[in-house]
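As a plain string of letters, each chain reads:
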Amino acid sequence: MTSLPDPAPGAKKLGLVIDLDTCVGCHACAVNCKEWNTSGHLAPLPDFNPYAAGAEGVWFNRVHAYEAGEGEAGRTVHFPRSCLHCEQPACVTVCPTGASYKRAEDGIVLVNPETCIGCGLCAWACPYGARELDEDAGVMKKCTLCIDRIYNETIPEAQRQPACVLTCPARARHFGDLGDPESAVSRLVRERGGYDLMPEMGYRPVNKYLPPRRRAVAGAPPQEAAPRAEEIANPLLRWVDRVLSR
């Protein structure tokens, strides 16, 4: 099995913050991810039967759509899904060859195709469905945060971001160092109540999601303002209020 690197003080935690309120489900992130990475770090990303029934292939980013709420309060929530570059990734520790590994300097989780045997254990261990088997090459592949782009000094600094972030027309995707509490992405998570996906699993994803904002229902009667958290004397009720107000 593969061990994780010892966390270095002040090391970067590069990742994405995805705004579920502004994502419109256009799939531009998935398409541009495919376009860049099909000739990038883990290239190629093959497609099988792309123009026929049963089309499938390797995609690092997939977008799902769900209906939430009922009636006038209902809405469609678009949910982009890719590798979350967890701090405690089971996909790494379960790997028998060390092909799946986590970088100490920036926290990015990668796969070494030279030592991957395509056993699929990492895919079984990942609860987020972030691993993709390239049947042509016989190896597992996944999001790399466009590592060949974000460190590429031959392109303008403003372009050194993951392809999915650069292409998003709704600006629903943000990239940065989540290990720096004063970075733009860390401030955004604090201000919007960003959260981990499935925190009960204990994998501590670096990527965060911002929840959809509450929408006012047309014609709804005005409601009395709820008490502020600091106005609630009981500490247990203050905690419940924070959780339910996310």
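Below or above, wherever it landed, is the structure these notes cover. (Residues numbered from 1 in each chain as written. Predicted model: local features only at pLDDT ≥ 70, side-chain atom pairs only at ≥ 80, totals over all residues. Heavy atoms only, no water.)

Let's shift gears to the side chain of Ser100. Its place among the elements puts Ser100 in strand β6 (residues 100-102). From its side chain, Ser100 meets the backbone oxygen of Cys91 in a polar contact 3.4 Å long. Setting aside residues no more than four positions away along its own chain, Ser100 makes contact with Thr2, Cys91, Val92, Cys95, Val109, Leu110, Val111 and Arg131. (Helix = DSSP H or I, 4+ residues; strand = E, 2+ residues; numbered from the N terminus. Polar contact = N/O pair within 3.5 Å; in protein donor to acceptor, adjacent residues only side chain to side chain. Contact = heavy atoms within 4.5 Å.)

Moving on, we come to the nonpolar core. Judged by nonpolar contacts, the single largest core of 32 residues is most densely connected at Leu16, Ile108, Tyr128, Leu145, Phe175 and Tyr209. Among the elements of the structure, β1 (14-19), α1 (28-37), β5 (75-81), α4 (147-150) and α5 (163-167) are those that each provide at least two residues to this core. In terms of residues, this core owes the most to one element, β1, which gives three residues. In contact with Tyr128, other than residues within four places in its own chain, are Arg81, Leu84, Cys86, Leu197, Met198, Tyr203 and Pro205. Membership of the second largest hydrophobic core comes to ten residues, among which are Cys91, Ala99, Cys122 and Val139. (Core = buried A, V, L, I, M, F, W, Y, C linked by side-chain atoms within 4.5 Å. Buried < 20%, exposed > 50% of the residue type's maximum accessible area, 1.4 Å probe, protein only.)

Further remarks concern the state of the cysteines. The full count for this structure, using the stated rule, is zero disulfides. Considering cysteine sulfurs only, Cys83 is the nearest to Cys86, which forms no disulfide, with 6.5 Å between them. This cysteine, Cys91, is not joined by any disulfide, and Cys126 carries the nearest cysteine sulfur, 6.0 Å off. (Disulfide = S-S within 2.5 Å.)

Further remarks concern the pattern of salt bridges. Per the counting criterion, the structure on display carries ten salt bridges. In this structure, Lys13 engages Glu87 in a salt bridge whose closest nitrogen and oxygen atoms are separated by 3.2 Å. On the criterion of sequence distance, the pair formed by Lys13 in the segment before β1 and Glu87 in the loop between β5 and α2 (90-93) is long-range, its members being 74 residues apart. On the accessibility criterion, Lys13 (30% relative accessible area) is partly exposed. When the shortest N-O distance is used, the salt bridge between Asp21 and Arg75 registers 3.5 Å. With Asp21 in the loop between β1 and α1 and Arg75 in strand β5, this residue pair connects regions lying 54 residues apart in the sequence. A residue is classified by how much of its surface remains accessible, and Asp21, at 12% relative accessible area, is buried. In the salt-bridge network here, residues are joined through shared partners; they are Lys13, Glu87 and Arg204. (Salt bridge = Lys/Arg side-chain N within 4 Å of Asp/Glu carboxyl O.)

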